[in-house]
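Examining the three-dimensional arrangement
What follows is the residue order along each chain.
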Amino acid sequence: MKFDDDANEVDETGEVPVVSAADPRVTIVGADVASDLATPVEESILPHWTEAPTGQVPAVLSRDAVNTEDDPWASIPAPAWREGEADWVAHDDQFDASVLASESPEEDVRPWEFNPESPLVDEEILAETPRPAPSRPLRTRRPSSANPLQGRAARAQSQKNVSLATLTGFVIAAAVAILFKVGTIAVLVLVCVALVAAALEAYAAFRKVGVHPATLLGLVATLALAISAYNKGESAFGLVSVLFLFFAVLWFLGAESKVDVLDGIGATVFIYVWIGVLGSYAALLISPVNFPHGHGLVFLLGAIIIVVANDVGALFIGRAFGKRPLAKSISPGKTIEGALGGAVVSILVAIAVLPNMHPWGPGIKDAFIVAVVIAIVAPIGDLFESMVKRTLGIKDMGE
């Protein structure tokens, strides 16, 4: 700051006087008007806010070659903004700054490789960390890894008394012949008693191994189905079965919490279908709805004769010539020779007996077909029963 005259000299105080540019005592040198030096600002390269986004992100790149011989750190590029399309593909081989966090040299760092022997999770940490307590109550179902036969009795091996079995067979055959001679009602009573007794034995066998079937409901449904099939024919099967399932669900709604409901319903329905439904076809066969003149009795009696012939032939021929087991894991006592012998005996008996029974007729074609079907179905039924008894760990259902 310069004054025009020396009269205004004052001692230096360190304070800066406040003056205006119009003060004649103030002369400013070495300054130009700012408006004369200003240069226009270039238009921004950023797109207008109304334009669609390009998806590109600004990044800094180096445009100058750097000498890295003296200073390796000089390879880190100086900042430069990406402006053109070529800038997006430039510097692909640049130094990766992430390797600075590792003590290994750059050529030893391979992030895409890993050691398969190194554990992904620290086992010590897992061992020290306690497992949370289960948040839901224990189920009554057995775990999938448990042995379903655990706790059941081992199936005992016993020899069958052939003489006693033969005598019992003759007595039952005589009683059945008398009932068939009486008429359809007597045979229906026999069928109902046989089905209820068989179902009762099956339910008792399941209860011995800890299953809780609805025994009373199953017995009532089996008896009702046999009587309904005799009176109404095939239409009774659907109605009785639906009602049985409905009441079975109601039965187990009030079961105790420790009862395995799935096992209980499964056993109840299984025995009903196995004995009740399949056995009621005997009542359906003698039904006056299908055979009004009592011909159904002859058809049922003929089927029983062939089944008995198949069983007897398989027993004696299997004991005499049987060597190869039919299904060793299910029933070691049944042999292929016994099954073939039972089939041959069934066909011979059918051809000899059925054509002489009215209304089978004199031809042997129908007798042969029925014998072949029974020779196939009967061994399968025996194997299935043996499989059930082996699973339950019993020799006979009546134990």
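Everything quoted here is computed from the prediction, not taken from an experiment. (Residues numbered from 1 in each chain as written. Predicted model: local features only at pLDDT ≥ 70, side-chain atom pairs only at ≥ 80, totals over all residues. Heavy atoms only, no water.)

A word on helix α8 (residues 261-285)
Taking 1.5 Å of rise per residue, the 25 residues of α8 would be expected to cover 36 Å, and the 35 Å separating its terminal C-alpha atoms lies within 8% of that figure. Most pronounced at valine 273, the bend in α8 amounts to some 30°. (Helix = DSSP H or I, 4+ residues; strand = E, 2+ residues; numbered from the N terminus. Expected span 1.5 Å × (residues − 1). Bend = angle between axes of the 7 residues up to and from the residue.)

Considerations on the packing of aromatic side chains
Applying the stated criterion across every chain, the model contains eight aromatic pairs. One aromatic cluster is present, built from ring pairs that chain together Phe206, Phe270, Trp274 and Phe384. (Phe/Tyr/Trp six-rings, centres within 6.5 Å; stacked < 30°, edge-to-face > 60°.)

Observations concerning the packing of helix α7 (residues 235-253) against α8
At a minimum axis distance of 11 Å, the contact between α7 and α8 shows a crossing angle of 160°. By the angle between their directions, the pair α7 and α8 is classed as roughly antiparallel. As for how α7 packs across α8, the hand of that crossing is right-handed. Counted together, Phe237, Val240, Ser241, Phe244, Leu245 and Phe252 of α7 and Val261, Gly264, Ile265, Thr268, Val269, Tyr272, Val277, Ser280, Tyr281 and Leu284 of α8 form the full contact between these two elements. When grouped by side-chain class, the residues that make up the contact of α7 with α8 number twelve nonpolar, four polar and no charged. (Axes fitted to C-alpha atoms, helices over the stretch in contact; angles between N-to-C directions. Parallel < 35°, antiparallel > 145°, perpendicular 65-115°, else oblique. Left-handed = near helix turned anticlockwise from the far one by under 90°. Contact = heavy atoms within 4.5 Å. Nonpolar A, V, L, I, M, F, W, Y, C, P; charged D, E, K, R; others polar.)

With respect to the confidence of the model for the protein chain
For the protein chain, mean pLDDT is 75; residues scoring 70 or higher make up 59% of the total. Within the protein chain, no element has a lower average pLDDT than helix α1 (residues 34-37), which sits at 52, and none a higher one than helix α6 (residues 215-232), at 94. (pLDDT = per-residue confidence, 0-100.)

Considering the environment of alanine 199
Assignment of secondary structure puts alanine 199 in helix α5 (residues 184-208). A sequence separation of 77 residues divides alanine 199 from glycine 276, and the C-alpha atoms of the two residues are 7.5 Å apart. If we skip the residues at most four places from it in the chain, alanine 199 touches Leu219, Thr222, Ile271 and Ile275.

Details of the nonpolar core
Counting residues in hydrophobic clusters, the biggest one holds 40 residues, and the most contacted among them are Val187, Phe206, Ile271, Tyr272 and Ile286. When residues of this core are traced back to their parent elements, those giving at least two are α4 (162-182), α5, α6, α7, α8, α9 (295-321) and α11 (365-392). Take this core: its biggest share by element is ten residues, from α5. Ignoring anything within four residues of it in the chain, the contact list for tyrosine 272 reads Tyr203, Ala221, Thr222, Leu225, Val240, Ser241, Phe244 and Val277. Of all hydrophobic cores here, the second largest spans eleven residues; its members include Phe299, Ala350, Trp360 and Ala367. (Core = buried A, V, L, I, M, F, W, Y, C linked by side-chain atoms within 4.5 Å. Buried < 20%, exposed > 50% of the residue type's maximum accessible area, 1.4 Å probe, protein only.)

Brief notes about the pairing of strand β2 (residues 331-335)
Of the pairings in the sheet, the one linking strand β1 (residues 325-327) to β2 comprises two bridges and is antiparallel in character. Bridging across to β2, alanine 327 finds its partner in serine 331. Taken together, β1 and the strand that follows it, β2, pair antiparallel across an intervening segment of three residues. (Pairing = 2+ DSSP bridges.)

Some points on the environment of valine 209
Structurally, the position occupied by valine 209 is in the loop between α5 and α6. In sequence terms valine 209 and threonine 391 are 182 residues apart; their C-alpha atoms lie 9.9 Å from each other.

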